[in-house]
Amino acid sequence: MSLFGLLNQNSGRFAERTLRAQEVTRRDGVIDTVSEWFNATVFTERAWRDAERWLLVAVLGLEMVMGVVGNCFVLLVKVMVRSHFSCRYWLPFLCLTLSDLGCSLLIISGSLLAMLTGGQRSPWCEVVSLLKFAFITSSIGSVAVLCVQRLIGKASTRSPLFVVMVTACLTSWVTGVVFGSVPVVYNWIRYDPAEMLCAVFWENSYSDMLVYILCAFSVCIFLPFLLILLCSLLSAIGCRSSCNSDDEDLSAVTPLLVASYILCYTPFVVSELLLLGRMDLSPAPDWLRTLSSVMSYLDCGLNALIYCSHQDFREAGLALLWTNRKTSSEPVLTSVTKHDV
């Protein structure tokens, strides 16, 4: 076949794909706008109904306020009045709080802005996708470290065990950044109106998608999750170190943190598993992807509320808020004068 014939054949195939895409667009009632910025990242934008859009804006705004205010309050309590409550395992709690705060400040606010402006643009699009995976990985890694420490007991800051725990927390962050960078490097990122942020889309190779998702989930999700289940089971049947009673410690809220994480990230895991089962590389339904984003954001605010369910932590927080007012209103004995009767 001549070169001219090949060009005509390719042009015909391109025109056929274009007409087919236009027909699908008209049939679904979705308006797609294609824009290209900086590094040729392509974004598609969906026209939400007004009622749906403003409902999601209200939900995202509430979750962002809960996450930012709640986790800032938790950090203040942990730093300023840490002597008012017992917290043996401060390292995983600190990492978890920082991860939730970062997600609330950067990821939820990014989704909220995308709903108001109609999308996300490069390079912020790629940054959001990378950070979201890093925050998810660091969160579940922190919960796993907390479960392990609660099972084996407190480790001295100079002991090798403490070094291992620090390394594990740092590894969860680094692993999340590494696996979050792979889609950015290979240009698999574009804006997803259903998830309300930039996400990974697969258009070429099922084998690439299969390898990436299996590796990422095995290392970043499934391995820490199995560790959480094992440690929680051993703690429940009484294999925890007998010299460390956690009844009065902040780590008593660990089962609630685990339950919250499982509840909030189940839609995300289900959507990824559905993608694995589809040879045509089509993503999960729109409603499931939207639910996965909303529920994963909810976890950032719920963790702060879970901390406040602990009585000593709650009292320490109230003491931080009301100390100045109480000291100004209560009389203070400054001196005693002795009089002879």
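Here, the structure is the one placed above.
Thresholds, definitions, all that
- Residues numbered from 1 in each chain as written.
- Predicted model: local features only at pLDDT ≥ 70, side-chain atom pairs only at ≥ 80, totals over all residues.
- Heavy atoms only, no water.
- 1 Å grid on protein atoms, 1.4 Å probe; cavity = no way out; pocket = protein on both sides within 12 Å on 5 of 7 lines; lining within 4 Å.
- Points joined across faces, edges and corners; volume = space filled by probe spheres on them.
- Helix = DSSP H or I, 4+ residues; strand = E, 2+ residues; numbered from the N terminus.
- Nonpolar A, V, L, I, M, F, W, Y, C, P; charged D, E, K, R; others polar.
- Contact = heavy atoms within 4.5 Å.
- Core = buried A, V, L, I, M, F, W, Y, C linked by side-chain atoms within 4.5 Å.
- Buried < 20%, exposed > 50% of the residue type's maximum accessible area, 1.4 Å probe, protein only.
- Axes fitted to C-alpha atoms, helices over the stretch in contact; angles between N-to-C directions.
- Parallel < 35°, antiparallel > 145°, perpendicular 65-115°, else oblique.
- Left-handed = near helix turned anticlockwise from the far one by under 90°.
- Pairing = 2+ DSSP bridges.
- Salt bridge = Lys/Arg side-chain N within 4 Å of Asp/Glu carboxyl O.

A word on empty space enclosed by the protein. Empty space left among the atoms is revealed by rolling a probe the size of a water molecule over them. A complete count under the given rule lists one cavity of 30 Å³ or more for this structure. Estimated volume of the largest cavity: approximately 50 Å³. Forming the walls of the largest cavity are Ser-99, Cys-103, Lys-132, Phe-135, Ile-136, Ser-139, Tyr-265, Ser-296, Tyr-297 and Cys-300. For the lining of the largest cavity, the element with the highest residue contribution is helix H4 (residues 124–152), accounting for four residues. Counted by class, the lining of the largest cavity contains six nonpolar, three polar and one charged residues.

Turning next to the side chain of Thr-290. The residue Thr-290 is located in helix H8 (residues 286–308) in this model. Here Thr-290 is in contact with Trp-48, Leu-56, Ala-194 and Met-196, once residues within four sequence places are set aside.

What follows covers the nonpolar core. Counting 50 residues, the largest nonpolar core has Trp-202, Ile-213, Leu-257 and Tyr-307 as the members making the most contacts within it. Secondary-structure elements contributing two or more residues to this core are helix H2 (50–80), helix H3 (90–117), H4, helix H5 (160–185), helix H6 (206–236), helix H7 (254–276), H8 and helix H9 (311–329). The element contributing the most residues to this core is H4, with 10 residues. Residue contacts for Ile-213: discarding those within four places in its chain leaves Trp-202, Glu-272, Leu-275 and Leu-276. Core analysis: the next-biggest nonpolar cluster, separate from the first, contains 16 residues, Trp-48, Leu-60, Phe-135 and Val-294 among them.

With that settled, the discussion passes to the packing of H2 against H8. Two numbers describe how H2 lies on H8: the axes approach to 8 Å, and their chain directions differ by 30 degrees. Taken together, the axes of H2 and H8 are roughly parallel relative to one another. Judged by the sense of rotation from one axis to the other, the crossing of H2 with H8 is left-handed. On H8, the residues touching Leu-56, Val-59, Leu-60, Glu-63, Met-66, Gly-67, Gly-70, Asn-71, Phe-73, Val-74 and Lys-78 of H2 are Thr-290, Val-294, Tyr-297, Leu-298, Cys-300, Gly-301, Ala-304, Leu-305, Tyr-307 and Cys-308. Residues of the contact of H2 with H8, tallied by class, amount to 14 nonpolar, five polar and two charged.

The sheet contact formed by strand S3 (residues 189–192) and strand S4 (residues 197–200) spans four bridges and is antiparallel. When the bridges of S4 are listed, Asp-192 appears paired with Leu-197. With antiparallel pairing between neighbouring strands as the criterion, S3 and S4 make up a hairpin whose turn holds four residues, including Met-196 at a positive phi of roughly 65 degrees.

This paragraph deals with the packing of H6 against H7. At a minimum axis separation of 12 Å, H6 and H7 run at an interaxial angle of 155 degrees. Viewed along their axes, H6 and H7 adopt a mutual orientation that is roughly antiparallel. Judged by the sense of rotation from one axis to the other, the crossing of H6 with H7 is left-handed. For the pair formed by H6 and H7, the contact residues are Tyr-206, Met-209, Leu-210, Ile-213, Leu-214, Phe-217, Phe-225, Ile-228 and Ser-232 on the first element and Val-258, Ile-262, Phe-268, Val-269, Glu-272, Leu-275 and Leu-276 on the second. By residue class, the composition of the contact of H6 with H7 is 14 nonpolar, one polar and one charged.

All right, on to the pattern of salt bridges then. Tallied over the full model, the rule gives four salt bridges. As a salt-bridge pair, Asp-286 and Arg-289 come within 3.1 Å of each other at their nearest N and O atoms. Remark: Arg-289 and Asp-286 occur in helix H8; sequence separation between them is three residues, near one turn of the helix. On the accessibility criterion, Asp-286 (37% relative accessible area) is partly exposed. A residue is classified by how much of its surface remains accessible, and Arg-289, at 7% relative accessible area, is buried. One network of salt bridges, with partners in common, ties together Asp-192, Asp-286 and Arg-289.

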